[in-house]
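Chain and residue survey
What follows is each chain in one-letter form.
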Amino acid sequence: MDHRCCVLWDVFSPDLFNLYSEVILRHIKDMAGVSINGNNINHLRYADDIVLLADSIEKLQALLDKVVEKSEEYGLSVNKAKTKCTRLN
């Protein structure tokens with residue numbers, strides 16, 4: 001095995017994740033989220049974390065279902081052990 005390949009892959013991993021997440025999250029761009037100053041916001045991203053936002057459980061589930069579906073199409077998966085849901089009033 002050529003270990004240089006692994007090192008090169010590690011260097012590009014964050015960029016590849018960002019590329020894939022951008023493509024995946026474009027599929028939810030027009031789905032309902034929460035209104036902030038008149039703008040529809042349905043996700044936030046920081047590093048490799050993604051926060052989905054919705055004003056109802058049903059809309060949040062629809063966002064999550066679409067992200068999971070599109071992730072699987074690109075060979076990625078959502079880590080269910082790290083997935084949390086918080087409700088704010």
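The coordinates are above.
Residues numbered from 1 in each chain as written. Predicted model: local features only at pLDDT ≥ 70, side-chain atom pairs only at ≥ 80, totals over all residues. Heavy atoms only, no water.

**Structural notes on a nonpolar patch on the surface**
Heads up, the condition is: Patch membership is restricted to residues that have no salt bridge and whose relative accessible area is over 30%. Joining uses 9 Å for like charges and 5 Å for the nonpolar side chains Val, Leu, Ile, Met, Phe, Trp and Tyr. Residue-level accessible areas treat just the shown protein chains as cover; the underlying method is Shrake-Rupley with a 1.4 Å probe. Any carboxyl oxygen of Asp or Glu that lies within 4 Å of a side-chain nitrogen of Lys or Arg is treated as forming a salt bridge with it. Under the scheme used here, helices are H or I runs from DSSP no shorter than 4 residues and strands are E runs no shorter than 2 residues, and both carry numbers assigned from the N terminus. Burial here depends on accessible area, computed with a 1.4 Å probe over protein chains only, as a share of the maximum for the residue type. Under 20% is buried, over 50% is exposed, and the range in between is partly exposed.
Where nonpolar side chains cluster on the molecular surface, the patch consists of Tyr20, Tyr74 and Leu76 and spans about 250 Å² of accessible area. With respect to the helices, strands and loops of the structure, Tyr74 is situated in the segment after helix H2 (57-73). Looking at Tyr74, the relative accessible area reads 35%, which means it is partly exposed.

**Overview of the layout of surface pockets**
Condition: In this analysis a 1.4 Å probe is tested at points of a 1 Å grid over the protein atoms alone, and where it fits but cannot get out there is a cavity; an open set with protein on both sides within 12 Å along at least five of seven lines is a pocket; lining residues have an atom within 4 Å of a point. Grid points are joined across faces, edges and corners, and a volume is the space filled by probe spheres set on the points. Only Asp, Glu, Lys and Arg are considered charged in this grouping, and only Ala, Val, Leu, Ile, Met, Phe, Trp, Tyr, Cys and Pro are considered nonpolar; every other residue, Gly among them, is considered polar.
Approximately 1,400 Å³ is the volume found for the largest pocket. Among the elements of the structure, helix H1 (3-25), strand E4 (49-52) and H2 are those that each provide at least two residues to the lining of the largest pocket. By residue number, the principal contributor to the lining of the largest pocket is H2, which donates six residues. Its residues assigned to classes, the lining of the largest pocket comprises 18 nonpolar, nine polar and six charged.

**Brief notes about the packing of aromatic side chains**
Rule in force here: Classification of ring pairs rests on two measures: the distance between centres of Phe, Tyr or Trp rings, Trp counted by its six-membered ring, which must be within 6.5 Å, and the angle between planes, read as stacked under 30 degrees, edge-to-face over 60 and tilted in between.
Applying the stated rule across the entire model yields one aromatic pair. Here Tyr20 and Tyr74 contribute two aromatic rings whose centre-to-centre distance is 5.9 Å and whose plane-to-plane angle is 75°, an arrangement assigned as edge-to-face. With Tyr20 in helix H1 and Tyr74 in the segment after H2, this residue pair connects regions lying 54 residues apart in the sequence. Given the relative accessible area of 33%, Tyr20 is considered partly exposed.

**Points about the pairing of strand E3 (residues 43-46)**
Note the threshold: Strand pairing is defined by DSSP finding a minimum of two bridges between the two strands.
Of the strand pairs in this sheet, E3 and E4 are connected by four bridges, and their pairing is antiparallel. Looking across to E4, one finds that Leu44 is bridged to Val51. Hairpin connection, E3 to E4: the antiparallel pair is bridged by two residues, and Ala47 has positive phi, about 55°.

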